[in-house]
Amino acid sequence: MKTFQQKVCLALGTMMMLAAIPTYAGASCGGNGWNCYKKGMSYMQQGQYAKAVEELKYAATKLPDQAAVHSELAKAYEKVEKYQLAADHYYKQAALYKNKGENQQSYLAALRKADELNSTIEFYQVEEAPAETVQLAKYEPARGAYIGAFIGGEQKFKDTSYNWGGDLNEFEEFNEMTGKKHATFFDYGSIGTTLNQSLQQQEQEQDIKAAGAAVHIAYEPNRGLQEVTKEAITKYAEELRDLGVPVFLRYASEMNGKWVPWNGNPSLYIEKWKMVHDIMEQIAPNVAMVWSPSEMPLDQVDAYYPGDAYVDWVGISIYSAQFENGDITKPTDRRNPLESLDYIYNKYASRKPIMISEYAASHEAGFAPNKQDTSKFAMAKMTYFYESIKTKYPRVKCIQWYSANNYNLADKSKNRVNYSLLEGGGKGVLERYKKIIEDPYFLSNVVNGPLVEKQVNLPKASKQIKGSVKATKDMTIRTWVKSYDAYISQVVYKLNGERLEVCATAPYEITVPYAKLKSGKNTLEAVVFDSKSRVAKTESITIQK
């Protein structure tokens with residue numbers, strides 16, 4: 001993936017080329033950058049965006065170190081649908097914020113805007129390959145990602161009149177309805193309450209076990225860190241051990257958020273984490289410890305990290321809802337859910353396997369009477385998220401869907417969204433999910449640890465092609481595409497200028513026949529079209545024969 005510095009360099013290169021084009025000399029504002037900025041702002045207020053672009057473009061050449069100028073020019077480019085140029089100037093604004101030591105929220109806001117409008121194409125070669133010789137964490141697959149789910153919010157399974165069909169429990173039924181066995185299912189547990197004291201949780205863990213899955217528990221000190229005692233943890237560890245299956249223990253997650261009672265004291269948090277880890281390691285070797293912060297805020301994340309010796313997996317929870325806080329005037333179609341992963345991935349993936357502790361995209365959203373069907377949004381984001389993990393984020397080794405209809409929440413004032421795969425939104429969302437997880441890359445069984453087998457069959461590997469690649473046979477090429485338009489209509493592939501293949505939906509994967517390659521250099525080009533059939537981005541690689 002391109003680093004922030006690489007994005008800024010590309011943006012600067014684009015701006016330098018634009019500056020060389022003598023389209024406007026700033027004559028109307030006397031060659032004064034601030035006067036041009038003010039005039040551009042006036043045009044913006046009048047809705048004359050093309051004129052605003054010209055004034056602000058000149059202002060940016062005279063005032064290159066002023067973040068506000070680049071911000072307003074980006075807005076003007078966005079208005080005239082020059083999205084890549086808008087992204088370039090938002091990247092410049094973000095770089096200035098970072099260099100001047102502005103608060104992180106301002107920097108991240110500018111960076112998010114840039115990423116939303118930036119278009120990228122990357123090429124990957126897909127092939128059989130041996131596993132890398134690296135030390136694997138507990139229950140880490142050498143390649144591929146476990147699929148998991150939370151189904152405790154599915155109304156269908158709460159309805160006592162629902163007939164499972166035979167002796168299937170709800171987890172087995174969910175596997176049948178989605179067309180594939182899930183490797184993990186997760187539930188919530190509260191410190192101070194044991195499995196045996198909570199009949200509902202005890203039954204759920206046994207049903208998960210019966211479905212042949214690993215147990216994932218979000219284990220929460222809901223009355224604060226002071227309740228995390230050696231006695232309570234020891235008792236819980238004994239019960240987890242006795243389950244006789246792999247357990248992922250997501251202890252005190254989202255610790256960087258002020259909404260949880262275990263936030264606010266990183267040193268005490270780490271002290272308690274180490275105690276929990278040591279007890280689990282001694283009593284319940286089938287437990288893998290998952291440290292899982294929230295995607296926001298980021299400024300306190302690292303302060304809560306207990307250290308590599310005390311963490312098996314690093315997780316994060318990410319959600320895609322079409323409207324920000326349920327406000328239909330604030331759509332999030334352009335928001336890339338994986339941008340929320342980048343910080344955690346770049347910081348920890350080289351040392352720990354990454355888990356998407358919770359993910360979902362809403363297919364219904366908003367408040368009545370403005371409740372919206374957002375199935376198209378859900379399918380687009382779901383597809384993008386899972387397909388990107390296969391290609392760009394190979395260290396993500398588990399992804400769990402949060403399947404719940406939040407319209408059923410008791411607190412009706414909260415953001416109303418429906419993440420359920422089984423309720424509302426028509427069959428399209430469920431069918432899309434089934435199609436995605438068909439890929440062998442998504443694993444149904446936990447491997448490589450206590451009580452389970454070593455991984456034998458490895459999914460195919462994806463290796464990024466940077467510039468050129470040598471072909472000795474037919475090649476499978478997968479293209480990772482990100483655009484300002486979430487609803488890409490198609491990707492057209494051309495080999496040496498002639499159309500080779502067209503992909504209408506992700507994964508954008510083609511076979512390049514060896515017989516069609518000429519001796520020497522060949523050019524494979526991918527052309528991405530947005531939802532209005534406009535070219536959003538073009539990129540190419542060289543294939544040597």
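Residues numbered from 1 in each chain as written. Predicted model: local features only at pLDDT ≥ 70, side-chain atom pairs only at ≥ 80, totals over all residues. Heavy atoms only, no water.

Another aspect to go through is the sheet that holds strand β12 (residues 417-418). Backbone-to-backbone hydrogen bonds pair the strands of a sheet. The strands run either parallel or antiparallel. Spatial strand order, β10-β9-β12: three strands in an open sheet with antiparallel pairing. Each of the sheet's edge strands pairs with one partner strand only, and the pair in question is β10 (372-373) and β12. Summarising the sheet, strand β9 (residues 364-365) and β10 pair through two bridges and their orientation is antiparallel. Bridge pairing links Ala365 to Gln372 in β10. (Pairing = 2+ DSSP bridges. Helix = DSSP H or I, 4+ residues; strand = E, 2+ residues; numbered from the N terminus.)

Turning next to the sheet that holds strand β14 (residues 461-465). One open sheet holds the four strands; their spatial order is β14-β1-β16-β19, and the pairing between them is antiparallel. Across the chains shown, the open sheet's two edge strands, defined by having one partner strand only, are β14 and β19 (508-512). Strand after strand, the sheet turns through a mean of 35 degrees between neighbouring axes, direction not considered. Note that strand β1 (residues 120-127) and strand β16 (residues 475-482) share seven bridges and pair antiparallel. Within the sheet, the bridge partner assigned to Tyr124 lies in β16 and is Arg478. Across the sheet, helix α13 (residues 375-391) is in contact with β1, β14 and β16; its angle to β16 comes to roughly 130 degrees. (Axes fitted to C-alpha atoms, helices over the stretch in contact; angles between N-to-C directions. Contact = heavy atoms within 4.5 Å.)

For the rest of this paragraph, the subject is the pattern of salt bridges. Here the structure, examined in full by the defined rule, presents 21 salt bridges. Two residues, Glu78 and Arg334, come together in a salt bridge whose shortest N-O distance is 3.3 Å. Of the two residues, Glu78 is situated in helix α4 (residues 67-79) and Arg334 in the loop between β7 (313-320) and α12 (339-348); the sequence distance between them amounts to 256 residues. On the basis of relative accessibility, which here comes to 27%, the residue Arg334 falls in the partly exposed class. (Salt bridge = Lys/Arg side-chain N within 4 Å of Asp/Glu carboxyl O. Buried < 20%, exposed > 50% of the residue type's maximum accessible area, 1.4 Å probe, protein only.)

With that settled, the discussion passes to the packing of α13 against helix α14 (residues 428-437). Taken N-terminus to C-terminus, the directions of α13 and α14 make an angle of 10 degrees; their axes are 9 Å apart at the nearest point. The angle between the axes of α13 and α14 places the two elements in the roughly parallel class. Contacts between α13 and α14 involve Ser375, Ala378, Met379, Met382, Thr383, Tyr386 and Glu387 from the former and Gly428, Val429, Arg432, Tyr433 and Ile436 from the latter. Here the residues of the contact of α13 with α14 sort into seven nonpolar, three polar and two charged. (Parallel < 35°, antiparallel > 145°, perpendicular 65-115°, else oblique. Nonpolar A, V, L, I, M, F, W, Y, C, P; charged D, E, K, R; others polar.)

In this section: the environment of Tyr343. Secondary-structure assignment places Tyr343 in helix α12. On the basis of relative accessible area, Tyr343 is assigned to the partly exposed category, the value being 29%. Taking the C-alpha atoms as reference points, Tyr343 and Glu295, separated by 48 residues in sequence, lie 8.7 Å from one another. Setting aside residues up to four positions removed in sequence, Tyr343 forms contacts with Leu298 and Asp302.

Per-residue confidence for the protein chain gives a mean pLDDT of 89; residues scoring 70 or more make up 90%. Confidence over residues 14-23 falls short of pLDDT 50; this stretch has ten contacts with residues more than four positions distant or in other chains. pLDDT under 50 marks residues 160-165. Its contacts with residues more than four places away, or in other chains, come to six contacts. (pLDDT = per-residue confidence, 0-100.)

Across its 14 residues, helix α10 (residues 230-243) extends 20 Å between first and last C-alpha, which sits within 8% of the 20 Å expected from 1.5 Å per residue. By the burial criterion, the buried members of α10 are Ile233, Tyr236, Ala237, Glu239, Leu240 and Leu243. Along the axis of α10, the buried residues cluster in a sector spanning 165 degrees; they form a single face. When the buried face of α10 is taken as reference, the exposed residues oriented beyond 90 degrees from it are Lys230, Glu231 and Asp242. In the stretch just after α10, Gly244 is the one whose phi turns positive, near 75 degrees. (Expected span 1.5 Å × (residues − 1). Arc of directions from axis to C-beta.)

With that settled, consider the packing of aromatic side chains. Applying the stated criterion across every chain yields a total of 32 aromatic pairs. A centroid spacing of 5.5 Å and a plane angle of 85 degrees characterise the contact between Phe248 and Trp313, whose relative ring orientation is edge-to-face. Taken as a pair, Phe248 in strand β5 (residues 247-251) and Trp313 in strand β7 lie far apart in primary sequence, 65 residues in all. Per residue, the accessibility class of Phe248 equals that of Trp313, and both read buried. A network of ring pairs unites the aromatic residues Tyr359, Phe385, Tyr386, Trp401, Tyr433, Tyr441 and Phe442 as a single cluster. (Phe/Tyr/Trp six-rings, centres within 6.5 Å; stacked < 30°, edge-to-face > 60°.)

Another point: the nonpolar core. Among the nonpolar cores identified, the biggest contains 149 residues, and Met280 and Trp291 are the most heavily contacted of them. A per-element tally of this core places helix α5 (residues 83-99) first, with nine residues. (Core = buried A, V, L, I, M, F, W, Y, C linked by side-chain atoms within 4.5 Å.)

Before going further, it helps to spend a moment on helix α8 (residues 170-178). Among the nine residues of α8, seven are classified as buried, and the element is accordingly described as predominantly covered. Buried within α8 we find Glu170, Phe171, Glu172, Glu173, Phe174, Asn175 and Thr178. One side-chain oxygen at the N-terminal end of α8 lies 2.9 Å from the backbone nitrogen of Phe171; it belongs to Asn169. (Polar contact = N/O pair within 3.5 Å; in protein donor to acceptor, adjacent residues only side chain to side chain.)

Time to look at the side chain of Arg143. Within the secondary structure, Arg143 is located in the loop between β1 and β2 (145-153). Of the side chains with opposite charge, Glu128 lies nearest to the buried Arg143, which makes no salt bridge, at 6.0 Å. At 3.0 Å, the side chain of Arg143 forms a polar contact with the backbone oxygen of Ala129. Of note is the side chain of Arg143, whose polar atom sits 2.8 Å from the backbone oxygen of Pro459. (Lys, Arg positive; Asp, Glu negative; His and termini not counted.)

We now examine the pairing of strand β3 (residues 184-190). Burial runs high along β3: five of the seven residues are buried. Strand direction decides the pairing type here: β2 and β3, joined by two bridges, are parallel. When the bridges of β3 are listed, Ala149 appears paired with Phe185. Pairing between β3 and strand β4 (residues 214-220): seven bridges, direction parallel. Across the sheet, residue Phe185 finds its bridge partner in β4, namely Val215.

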